[in-house]
Every structure is written in structure tokens, then in C-alpha cells.
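Examination of the molecular architecture
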2 protein chains.
Amino acid sequence: MEEKTRVAVDAMGGDNAPGEIVKGAVEAINRSDRVKVFLVGQPEAIEPELKKYTYPEEQLEIVPASEIIETGDPPVESIRRKKDSSIVVGQRMIREKKADAFVSAGSTGAVLVGGQLLVGRIRGVERTPLAPLIPTEKGFSLLIDCGANVDARSSHLVQFARMGSIYMEHVMGVKSPRVAIVNIGMEEEKGNALVKETYPLLKECRDINFIGSIEAREIPSGAADVIVCEAFTGNVILKLYEGTSSALVRQIKQGLMMNLRSKLGALLIKPALKKTMKKLDASEYGGAPMLGLNGLVVKTHGSSKSKEVCNSILQCITFCEQDIAGKIQESLTVSDKE
Amino acid sequence: MEEKTRVAVDAMGGDNAPGEIVKGAVEAINRSDRVKVFLVGQPEAIEPELKKYTYPEEQLEIVPASEIIETGDPPVESIRRKKDSSIVVGQRMIREKKADAFVSAGSTGAVLVGGQLLVGRIRGVERTPLAPLIPTEKGFSLLIDCGANVDARSSHLVQFARMGSIYMEHVMGVKSPRVAIVNIGMEEEKGNALVKETYPLLKECRDINFIGSIEAREIPSGAADVIVCEAFTGNVILKLYEGTSSALVRQIKQGLMMNLRSKLGALLIKPALKKTMKKLDASEYGGAPMLGLNGLVVKTHGSSKSKEVCNSILQCITFCEQDIAGKIQESLTVSDKE
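Because the structure is a prediction, the values reported are computed rather than measured. (Residues numbered from 1 in each chain as written. Chains lettered and ligands numbered in written order. Predicted model: local features only at pLDDT ≥ 70, side-chain atom pairs only at ≥ 80, totals over all residues. Heavy atoms only, no water.)

Contacts between the two partners involve 53 residues from chain B and, on the opposite side, 53 residues from chain A. Summed over both sides, the interface of chain B with chain A buries roughly 4900 Å², with 71% coming from carbon and sulfur. Of all residues in chain B, Ile184, Phe232 and Leu240 of chain B give up the largest surface area on contact with chain A, accounting jointly for 14% of the area buried on that side. Here chain B is connected to chain A by 6 salt bridges. Taking the shortest distance from any N to any O, the salt bridge between Glu215 of chain B and Lys239 of chain A comes out at 2.3 Å. Taken together, the links from chain B to chain A amount to 16 residue pairs in polar contact (both at pLDDT 80 or more). Of all the elements in the fold, those that place two or more residues in the side of chain B that touches chain A are strand E7 (178-183), helix H7 (193-204), helix H8 (231-256) and helix H9 (260-279) of chain B. Classifying every residue of the side of chain B that touches chain A gives 29 nonpolar, 14 polar and 10 charged. (Contact = heavy atoms within 4.5 Å. Buried area = accessible area lost by both parts, 1.4 Å probe. Salt bridge = Lys/Arg side-chain N within 4 Å of Asp/Glu carboxyl O. Polar contact = N/O pair within 3.5 Å; in protein donor to acceptor, adjacent residues only side chain to side chain. Helix = DSSP H or I, 4+ residues; strand = E, 2+ residues; numbered from the N terminus. Nonpolar A, V, L, I, M, F, W, Y, C, P; charged D, E, K, R; others polar.)

Glancing now at helix H6 (residues 154-170) of chain B. In this model H6 of chain B runs 25 Å from its N-terminal to its C-terminal C-alpha over 17 residues, within 8% of the 24 Å that 1.5 Å per residue would give. Burial analysis of H6 of chain B places 14 of its 17 residues in the buried class, which makes it a mostly covered element. (Expected span 1.5 Å × (residues − 1). Buried < 20%, exposed > 50% of the residue type's maximum accessible area, 1.4 Å probe, protein only.)

Should the charged atoms of two oppositely charged side chains come close, the side chains can pair. In total, this model carries 26 salt bridges over all chains according to the counting rule given. Taking the shortest distance from any N to any O, the salt bridge between Asp207 of chain A and Arg162 of chain A comes out at 2.6 Å. You can see Asp207 of chain A sitting in the loop between helix H7 (193-204) and strand E8 (209-215) and its partner Arg162 of chain A sitting in helix H6 (residues 154-170), a full 45 residues away along the chain. Classification of Arg162 of chain A by relative accessible area gives buried; the value is 7%. In this structure, Glu77 of chain B engages Arg81 of chain B in a salt bridge whose closest nitrogen and oxygen atoms are separated by 3.3 Å. Taken together, the positions of Glu77 of chain B and Arg81 of chain B, both in helix H3 (residues 75-81) and 4 residues apart, correspond to about one turn of that helix. Using a relative accessible area of 41% as the deciding quantity, one classes Glu77 of chain B as partly exposed. By relative accessible area, Arg81 of chain B is classed as exposed at 63%.

With that settled, consider the relation of the copies chain B and chain A. Taken as rigid bodies, chain B and chain A are interconverted by a rotation of 180 degrees and an axial shift of 0.0 Å, the fit giving an RMSD of 0.1 Å. Read as a symmetry element, the transformation amounts to a two-fold axis. When each C-alpha of chain B is compared by its distance to the rotation axis, Gly265 of chain B comes out closest, at 2.0 Å. Take the interface residues of chain B: 100% of them recur as interface residues in chain A, which is what a same-surface contact looks like. (Least-squares fit on C-alpha atoms with pLDDT ≥ 70 in both.)

This brings us to the sheet that holds strand E6 (residues 140-144) of chain B. Residues and elements named next belong to chain B. The 5 strands are arranged E5-E6-E9-E7-E8 in an open sheet whose pairing can be described as mixed. Looking at the sheet topology across the chains shown, the edges are occupied by strand E5 (133-135) and strand E8 (209-215). Between one strand and the next, the sheet's axes are offset by a mean angle of 35 degrees, whatever the strand orientation. Bridge analysis of E6 against strand E9 (residues 226-228) gives 3 bridges, and the strand direction is parallel. Its bridge partner lying in E9, Ile144 is registered against Val228. Against the sheet, H7 contacts E7 and E8, and its axis sits at roughly 165 degrees relative to E7. (Pairing = 2+ DSSP bridges. Axes fitted to C-alpha atoms, helices over the stretch in contact; angles between N-to-C directions.)

Residues and elements named next belong to chain A. The topology assignment puts Gln59 in the loop between helix H2 (43-50) and strand E3 (60-64). Taking relative accessible area as the criterion, Gln59 reaches 4% and is therefore assigned buried. Considered as a pair, Gln59 and Arg81 are 22 residues apart in the sequence and their alpha carbons are 31 Å apart.

So, about the packing of aromatic side chains. Residues and elements named next belong to chain A. For the coordinates displayed, the defined rule picks out 4 aromatic pairs over all chains. Ring plane angle 45 degrees and centroid distance 6.2 Å describe the contact between Tyr167 and Phe319, whose orientation is recorded as tilted. In this pair, Tyr167 is assigned in helix H6 and Phe319 in helix H10 (residues 306-321), connecting sequence segments 152 residues apart. Residue Tyr167 shares its accessibility class with Phe319, and that shared class is buried. Judged by centre distance (5.2 Å) and plane angle (75 degrees), the rings of Tyr199 and Phe210 are edge-to-face. Placement of the pair is Tyr199 in helix H7 and Phe210 in strand E8, with a sequence separation of 11 residues. The residues Tyr199 and Phe210 share a single accessibility class, namely buried. (Phe/Tyr/Trp six-rings, centres within 6.5 Å; stacked < 30°, edge-to-face > 60°.)

Here we take up the state of the cysteines. Two cysteines joined by a covalent bond between their sulfur atoms form a disulfide. In total, this model carries 0 disulfides over all chains according to the counting rule given. Sulfur of Cys316 of chain A: no disulfide; nearest cysteine sulfur belongs to Cys320 of chain A and is 6.4 Å away. With a relative accessible area of 0%, Cys316 of chain A lands in the buried category. Here Cys146 of chain B is not disulfide-linked; the sulfur of Cys229 of chain B is the nearest cysteine sulfur, at 5.8 Å. (Disulfide = S-S within 2.5 Å.)

Now for the environment of Ile21 of chain A. Residue and element names in this part refer to chain A. Following the sequence through the fold, Ile21 ends up in helix H1 (residues 19-31). Exposure remark for Ile21: the relative accessible area of 3% places this residue in the buried category. Spatially, the C-alpha atom of Ile21 lies 28 Å from that of Glu169, the residues being 148 residues apart in sequence. Not counting chain neighbours up to four residues away, the residues in contact with Ile21 comprise Val9, Asp10, Ala11, Gly13, Asn16, Ala105 and Val309.

Turning to the sheet that holds strand E2 (residues 35-41) of chain B, a few remarks are in order. Residues and elements named next belong to chain B. Sheet architecture is open: 6 strands sit in the order E3-E2-E1-E4-E11-E10, paired in mixed fashion. What marks the edges here is a single partner per strand, and that holds for strand E3 (60-64) and strand E10 (288-290). Each strand of the sheet is rotated relative to its neighbour by a mean of 25 degrees, with strand direction disregarded. Contacts from helix H4 (residues 86-95) reach strand E1 (5-10), E2, E3, strand E4 (101-104) and strand E11 (296-299) within the one sheet, and its direction differs from that of E4 by about 160 degrees. Contacts from helix H10 (residues 306-321) reach E1, E2, E4, E10 and E11, with the element oriented near 145 degrees to E1.

Quick look at the packing of H1 of chain A against H10 of chain A now. Residue and element names in this part refer to chain A. It is at 7 Å that the axes of H1 and H10 come closest, and there the two elements cross at 45 degrees. In terms of axis orientation, H1 runs oblique to H10. With respect to the hand of their crossing, H1 and H10 are arranged in right-handed fashion. Seen from H1, the contacting residues are Glu20, Ile21, Lys23, Gly24, Ala25, Glu27, Ala28 and Arg31; seen from H10, they are Ser306, Lys307, Val309, Cys310, Asn311, Ile313 and Leu314. (Parallel < 35°, antiparallel > 145°, perpendicular 65-115°, else oblique. Left-handed = near helix turned anticlockwise from the far one by under 90°.)

For the rest of this paragraph, the subject is the pairing of strand E6 (residues 140-144) of chain A. Residue and element names in this part refer to chain A. Among the 5 residues in E6, 5 count as buried, and that is most of the element. Of the pairings in the sheet, the one linking strand E5 (residues 133-135) to E6 comprises 3 bridges and is antiparallel in character. Within E6, the residue paired with Leu133 across the bridge is Leu142. Connecting the antiparallel pair E5 and E6 is a turn made up of 4 residues, with Gly139 showing a positive phi of about 150 degrees.

Spelled out as C-alpha cells, the structure:
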């Protein structure tokens, strides 16, 4: 590759900023020479962190931004008012063609609003979903949409299915990804009004591998690669997934402290348990892409450590090299002609 | 108590019928003299099972029903056509005042449809939700609605909150149960159209302890006692809850078989793990009540063993002795006058 993918990284967002963010950025450029990273934020906070590492200096640049949008700030207002915040400055770089992608562990609401207002949608895209990868027994699935746009229409869900399918195939390398719609039963006539309306439309899409309905019970076992739902449902799934796993692990750990026998056993199983937990750790795959934009916006967990930041930056390379935005636009044009 | 609670039990429904159902019924009457059980189904299948046990015979009666509604049968049609099925005969007994409650591990769809068509709603109740108890770190919560009535309106959700609150307080013994609505954020202005409309209505209800929104992440830790949502969301929560737990346990077990060290550890922690799993086992609390009917219909898991059947029957005693149907009717009348 001659041209490097240019990734603007929000150095000020998330619980572990700027330390872990800077570390993740350095890791990414040390691992790939196909990327240039712009660390967006307060230079006086970023520079001391950067000094800790050695890295190819031509692949990294600091872009000053004096303000910080906090998690509690109202998203729309803060995007409008805090013009010199890392989220606004970073996303503007995409619009101004100075960057191809933006990665942030900051306020989800602000990142989503900024994506829509500052980066802008691909022509023909009705809504821009946030699509996290969730761990399953078979690997991972894309859950689309988990964003802030609730009360979706069937045409939105059809676009989500197409965009998600393209992402899983070309960025994550899943051949002919199985697309399913979240439902409360397997039969076509089951579901709420939205699902009943969307199901036949998905069945007609010749460019995706639609396998029908998926019940929530089947999600953890990896029964589909692209899981389509509107954002309220997606949000419930994503958060319950996290909540159930951590509650269960907490309970098991607590149970193991019950007596000497189980404590001894706990000591012995620790490495194995750790390995299992790592397999189920979503941060292995990087953050959640916001799809349908003229460029890529990736939202990582607020609690992101360097590994997730690094993986998210590397994810951007594939996204841009594979021209996912172009492929999405093409798929919408094809479907218009059908 | 002079009068016994009369519970019709579907002896033919579920994966383990009639064996486990009959066993559960016998356990219930051996544990309480305040109940009379009617085993509804094919006498030639029930009698050989009954012969295995000793029990107070005056507390048990077989009510013949020759047909069986299978899980795959279309609910509405089967309730209309299979007039001599255990589900139809059992639910008719409530309507005809021959029973106070009906317990079934059979087809959820058929039980729900039968509840509406055969048992009938309490006057003023707009919809009859199915409300399973789900295990949490603090004990259990009532998830209302997980039934088949999707696309609910805000007035339905308000009734669900009232009915669920009454059930948790008077049947499950939770004082001033905390009622929350499932949402994608904690703030009042968050949510989809339905939640935004329902939230202020719940805030106005003086007869419930409304604590606001609950994010799905907080459900497993037991952040609310009554969790209000429409049936599509409820169904997703219920099934994902089951799916995530079993996938995680499967993965952990598999991880423990990795090497000799972890296998040895697994052997040592087995009793502790079993105890933890038991704590998280929903069947400890009995089945899911369908609320708002002129009588009680309890749906137990299709895979129910005798313990869940027994607990569900005992649950019916409290329901009837506490006159929950009367309390529900009263709460609706009070709220009308407000």
C-alpha cells in the first residue's frame, strides 16, 4: 500500500484517557506501517504519555483540541457548543478529508450525534447504526443497531442488514455471513409489527444471506453472524449480555470462596477460567463501528484499555482499504434498481 | 383454612409429562393440606404414574381429557378444535368455578390463548401479561410482560406495573416492591416512543413504588423487583438471560477440561458450583403467572421437573388465599377514581 489509512483518535475520551489511548495508538503504529494516527486532544496531556514509548514518529501527529466532552454532557448541545473538543475536532477531520476514520472511547451519545452532524451520511443511507461485535461460542456476531435511533422503520432495518453483512464479510472476513432478525419465535408470522413488516423485505434481498428469525436464546451460541434489530432491542441485548455474564462470574467466584475445598479448586482452575473469559472478551475484536457514514467512526468501550484502542485502529485500516463505504453505497444503488 | 384451593394441573403438557407432572402434584399435596389437585389428561397415562406414590387420596382427582395440544400446534386453532384437550378442559374448569387455578408445562401459545378465550379477564384489565420470575443476585424479579401480546400501549404497561406489584407483594412477600421500566438510559427523556409515554404515567401512580428506568445491564444484579416492559422486549430479555447463562456455563465447563490441573480443580469446585447454579435456577420459584384473569393460570417451563410443578401448585394457594384477583380488580377501580 502506498497510501496510509489516516485515523484520528480521541486522546481525551474514556475512563483511561489519555494514558491507555496513547499506549494503544503507539501499539497500532508499531504493529502496522499502513496507518497514520492523529492523536486529538490537549498536547500537554498527550506529550508526557508519548514520551514513554518509541515508535515510528512519521506515523503519529498530535492535533490540538482544548475542550473535553464529558459522559454526562447532553450530546447534541455539547457537539454544537464545544467546537474545540476532541470529538468535534476529530470528526471534522473526516469531513475535511484530513482523516479516513475516527476512534473514540468518549461519550457514546456525543460520538453518535457528531457522526451524523459532522461526518455526514453516505447518500441513500437513511440511518447510521452503531454495530458492536459481541462474543459468542463460535467467535463473534455483529449486533446492528445498538445506537440512539430508536423507533426504526422496516426500510432502516433492511439497510442495517446490508451494511452489517458487508462489514462482516469484508472487514471481519466472514464468508457469506448469515443474517437474521431478532424475533420472539422462529415462524415468519411471529413478531411485532416492525418485524412482521421487515421479514418479507429481508427475504427478498438477493445480496444477503438471510436465514430468518433468531430468538434471543440462540444469540450466545453464535446462530447468526449479523443480528438485525432496532436500537432499543439492540441496546437491551447488548447490556443484558454484559450484565448477565458479569453477574454469573461474580456469583461463581463468590461460590468458590465457600470453603477450603472449593478455594483450593479455585486456585487450580484459575488459569483455565482466565483463558475462557478472555475468549468471551469483546475488546479482543475492537470497538463498535458506526456504519453508513462518509468515513468510519468507531466507538470503543468507555473502559477501553490500550488493546481495544489498538485493535480499533487496525480495524480502520481494513475498513478503508476494502472501501467499505464504497461497497455500502454500491449495495444501496443495486437495491434501488431491483 | 376451611376451603382448599383447587388447582387443575395439565398432566399431559411438557417434555416430562405425565411422569414429572404427576410426581410434582403428589409432592404438593404431601406438603400442604390446603390444596386439592385435579390431574387433567388421559387416565390410562396418569394412573400407572400415580400408583408409584402414597398421598392423601381425598386431595387428588383425575379429570379425563383425551386430546393433547402439541407444542407445534397453532395456538388459536388448537384451542378451538381440541375441545377435549387437557389445556382446554383444565382452563374451562376455572370458568365453570370447578377450579381456582390451572398449571401447565404445555404449549405457551395455547395456554395464553386459552387463558384469554376460556378463563376470561378481570373487568377493566386490558391485557393479561405473562410474568415469569427471573433469578437475580439478590433473589428474583418479576419480568412483566413476556407473553404473546406484542405492540403494547402505555395504558397496558401501567396495568402491568400495578398487577406485578400486587403479585410480588402478596404472593412473593416482597414489601413495597421496587417497580422499574426497561429503558436504554436512566434519564426520563430517554427511550422509545412507548417508554417516553409510559414513564410519566408510572410516576403518577401513587399505589406503586416506581423507581424509574432500569437498564438491561442492571437486571441480573436485582436492581428492581418488578421489571415492566412490553412483551417483545420481555421475551428477548427472558430468552437471552437463559441463553447467556447456559452458554457461559458450557464454556467454563469446557475450559475446565483443558488440562489435568484444571480437571482436578473442577472436581474440587463441583459442589460449590452446583450450589451456585441452584441459586440461579428459576424453577425454585415455580412457574410464570398469567395475571389479570378471573383465576390464576401458571405456565411452567416445558422442561419442568416435579419440583417446579410442585412449587407452581403451592404458589396457587397463596394467590387464591390472598385473593390476588380481587386485589387487582380493586387497584384498577381505585386508579379509575383518581
